[in-house]
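Survey of secondary and tertiary structure
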Amino acid sequence: MTNKDILVTRPLSFSENFFRSRTASGLYRNFQLTATYNQNLRSDLRLLFAAIRKTVIDYHLLITNVQYRSVEYVYEPLKRLTLGNILSFTDSKYLQNGVINEQFMKEINEIRFKLYCQDPLFKLILVGDFDLCAVFEHTIADGLVGNYIHEILLENLAYCQEAGEQYDSLYGSVPADVTFDTVLFEYKNDLKYLNHSLPPPVDIFLEDIDLDYSYGDPNFHDKVTPPGLKKWKGRSNASVDYTLAFKLINFTPTETKHILARCKQEGVSITSYIQVIEALTLQPIYGDTEYTTHKVAMTLRRHYRDLGEATAPYNKILADKNYKILGTPAHMGFSNNHPPITEFSWDLARSINANIISGTKNTRALNQMKPFKDIADLKSDNIEFFTSQLNKPKADAIKISNLGFINLPVYPTKTTEWKITNMIFSQDLAPFAAEFMLSVVSTPIGGMNFVLSYCDNSFDDCPYDNFDGLVQDLRNNMVKYCK
């Protein structure tokens, strides 16, 4: 369906159907990104409403759900939603030393989004007065969208504070008295305000899914394993009976700057350095007789480009450098297979870095979804594909997802200025995916934040009652080996 030559609705691509099916299986919940704003967001609900309304109209993927129409699944705008359908408030008991605590991340991780209904697939939760958490279902978003939402909202809060009649003409008038029951979006009345197409599926920018991502190279690093070693069996087989820990590790801006400087000096990305430190630190869990597989998630957004008629509906947003394309062009990355790591090595970091750079240029990345393609029925939920992975060893030892350094502008208004001072990123860990998930994001004021996720319902597999000591070792080693 089009409106002013834009795509208001469109079919899901193959890769999007993979994420839809994974959500439908109930074996993956959400990801969350909390930002700390410098202004009290609770004190002016009308302003917050205006900024959220502008955000969801400019990026209406946020107010779609997946529906089955005719012969396929499509993104379709919701018929009607109130502010309370997206936004909720919770108190500051979830804040510790000014940042969200593990209890908050655990509780938010229990949010399960429903497909095929009139509910949105993202939520905003304000903790106290300044910390706003954005939570997403994965079919409509990957981790970068989490920080994009905060970047968009920050700019919109400043804009809405002063826009006046300009806002009314572009987005409609804001009621004088806003409550959680105030209608935020109603399709029949607000269709006329939608002015941007849904984001393009990443599939159209990449090569055919059947083409081998290794290009037939038997020495492709994803396929080469340490000789004489079997793959680590993991802590336990994949199961639906588990709970997760979310351990926050902060590096101050000074520490972050020092780590980045040393990595630059050694010619590696900080993500490569993190992977070596993680492998070294968690080696007591991995053991000394098996190799482990480690993946670094990467974004495929770098492949977006104008393809002429193939991308005609999307060319407006592709050409606009200020428009943040949402969607889910994320890739799990290609494995680095490590023998037991008992000593730190910059050479290993350089090797990992070269592999990561190579992976970002690989236009056959979708080939990793071929096992799903070979059995998938895109008219169904394909739940058996995901449940068949239960009761087996998990796919990897750890996955690392680094959103990078988020250096947001400061937006001045006549009465104040708007800025974000900190961000914390974390995500669910599917039972069959990996034993550990390390989520990373950095800001100039807040520094670099890790959230290490792992199963904490049992420690029968190792000589520990908990991993708190190893979490501290991870922090210490990050600083130690950059000296």
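Residues numbered from 1 in each chain as written. Predicted model: local features only at pLDDT ≥ 70, side-chain atom pairs only at ≥ 80, totals over all residues. Heavy atoms only, no water.

The protein chain appears in an unreviewed UniProt entry as Alcohol acetyltransferase from Spathaspora passalidarum.

Going through the model one piece at a time under the given rule, you end up with 29 salt bridges. Among the ionic pairs, R364 bridges to E207, the shortest N-O distance being 3.2 Å. A residue pair is termed long-range when its members are at least 10 positions apart, and R364 in the loop between α12 (346-360) and α13 (370-375) and E207 in the loop between α7 (187-190) and β14 (230-231) qualify at 157 residues. In this structure E207 comes out as partly exposed when scored by relative accessible area, which is 27%. D212 is the salt-bridge partner of K223, the closest N and O atoms lying 3.7 Å from each other. Of this pair, K223 sits in the loop between α7 and β14 while D212 sits in the loop between α7 and β14; the two residues are 11 residues apart in sequence, bridging distant segments of the chain. For D212, a relative accessible area of 26% corresponds to the partly exposed category. (Salt bridge = Lys/Arg side-chain N within 4 Å of Asp/Glu carboxyl O. Helix = DSSP H or I, 4+ residues; strand = E, 2+ residues; numbered from the N terminus. Buried < 20%, exposed > 50% of the residue type's maximum accessible area, 1.4 Å probe, protein only.)

Counted at 1.5 Å a residue, the expected span for helix α8 (residues 253-266) with its 14 residues is 20 Å, and the 20 Å between its end C-alpha atoms agrees. Where the residues of α8 are buried, they touch β15 (244-251), α9 (270-281), α12, β25 (447-455) and α15 (468-480). G267 sits one or two positions beyond α8 and adopts a positive phi of about 75°. (Expected span 1.5 Å × (residues − 1). Contact = heavy atoms within 4.5 Å.)

By the element assignment, K480 lies in helix α15. We classify K480 as partly exposed; its relative accessible area is 47%. Between the C-alpha atom of K480 and that of I277, which follows or precedes it by 203 residues, the distance is 9.9 Å.

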